[in-house]
Amino acid sequence: MYQVITVPHGAAEQIEQLGTKRKFWYDDERYLFKVGRPDTGENWAEKVCAEIAACLNLPHASYDLATYEGRQGVVTPNFVPEGARLIHGNELIGVVSTTETNVRDLRRQLHTPRRVYLLLRQPAIEAPLGWVSPEGIRSSAEIYLGYLMLDALVGNQDRHEENWALLLASDGRLHLAPTFDHASSLGRNETDEARLRKLAAGSPNHSVEAYVLRARSQLYDADQSRLGTYAALQQFGALVPAALTYWVERLRELRDDQIASIFEQMPAEWMSQAARDFGFTMMRLNRERILKGALP
């Protein structure tokens, strides 16, 4: 079973304002504790997705299950070194806030696969700190494609322009940040009753197969419509076809028993059997779809 970290009583040092969930830094701001929303699977979703990212050799933020003063959450180490800072995607593509309704149309115009690609292909943007790019992966755009494949695999619907970033190091060099914040994945908001209905559904319209097809990314098409997670992978992959081949082959190497083992190691009090079965089925179906259709 995965360990559950107990954050010491009174450990909170600084409240993190970014995002919508309660979170704080502790231990000289070396760790961030995030509280998952009640009656959701946000905590186990973060842990499962981080473990899957590790299997795919994606640079990623690490997450551990944790409790603080009776509340369940996750702990993630601070991946921003002293003297460095994150520059979130909204700053890079010209969108100030994802919560301002008056910029919704601007988001749809600017947060597109091509615009993100044109930014991340710049040679000055290096690979994430401490991560060695495999042979054939040359640009941050090609690494970011791996993030989109992870989204398509786990049904992550929340990679908006504040959930990816560059890291400006103290020496002035720019790096792509590791992938982070995957709580909106694997049907984490569904009830167990809904999961069981979909798993047992006789009608294709109410099945897990139909459910995974509805997953939407936070990237927009040229007509300003929100792309599905699979369509976002395809569109971005068409801009970096060699990298698409690389990441799809990495996914091909990911075995069902590896995926199953990740779900099996979740403590029962954190993740129900219905959530395990549903999450595993989602990933199996998404994996099959990517392997069969992502490559031209």
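Notes on the structure follow. (Residues numbered from 1 in each chain as written. Predicted model: local features only at pLDDT ≥ 70, side-chain atom pairs only at ≥ 80, totals over all residues. Heavy atoms only, no water.)

### A word on helix H9 (residues 241-253)
And step 1. The end-to-end C-alpha distance of H9, which contains 13 residues, comes to 19 Å, matching closely the 18 Å that a straight helix rising 1.5 Å per residue would cover.
And step 2. Those residues of H9 that sit buried are Ala243, Leu244, Tyr246, Trp247, Val248 and Leu251.
And step 3. Looking at the buried side of H9, the elements it contacts are helix H5 (140-154), helix H8 (229-239) and helix H11 (273-293). (Helix = DSSP H or I, 4+ residues; strand = E, 2+ residues; numbered from the N terminus. Expected span 1.5 Å × (residues − 1). Buried < 20%, exposed > 50% of the residue type's maximum accessible area, 1.4 Å probe, protein only. Contact = heavy atoms within 4.5 Å.)

### A short note on the packing of aromatic side chains
And step 1. One pass over the full model with this rule turns up 12 aromatic pairs.
And step 2. The aromatic ring of tyrosine 2 is capped on one face by lysine 47, whose charged end is 4.5 Å from the ring centroid. (Phe/Tyr/Trp six-rings, centres within 6.5 Å; stacked < 30°, edge-to-face > 60°. Lys NZ or Arg CZ within 6 Å of the ring centre and 35° of its normal.)

### A closer look at the nonpolar core
And step 1. Counting 72 residues, the largest nonpolar core has Ile52, Leu56, Leu120, Leu153, Phe236, Trp247 and Ile290 as the members making the most contacts within it.
And step 2. Where this core is concerned, the elements lending two or more residues are helix H1 (42-55), helix H4 (113-120), H5, strand S9 (165-168), H8, H9, helix H10 (256-264) and H11.
And step 3. Here this core gets 11 residues from one element, more than from any other, and that element is H5.
And step 4. Core analysis: the second largest hydrophobic core is formed by nine residues, Val7, Phe24, Val35 and Ala66 among them. (Core = buried A, V, L, I, M, F, W, Y, C linked by side-chain atoms within 4.5 Å.)

### Concerning the pairing of strand S3 (residues 23-26)
And step 1. What you see with S3 is no split at all: Lys23 and Trp25 on one side and Phe24 and Tyr26 on the other are buried throughout.
And step 2. For strand S2 (residues 14-15) and S3, the ladder comprises two bridges, and the chain directions are antiparallel. Each bridged residue has a counterpart across the sheet, and for isoleucine 15 the counterpart in S3 is phenylalanine 24.
And step 3. Of the strand pairs in this sheet, S3 and strand S4 (residues 31-35) are connected by four bridges, and their pairing is antiparallel. In the strand pairing of S4, tryptophan 25 is matched with leucine 32.
And step 4. Connecting S3 to the antiparallel partner S4 that follows it, the hairpin turn spans four residues, and aspartate 27 within it adopts a positive phi of roughly 55°. (Pairing = 2+ DSSP bridges.)

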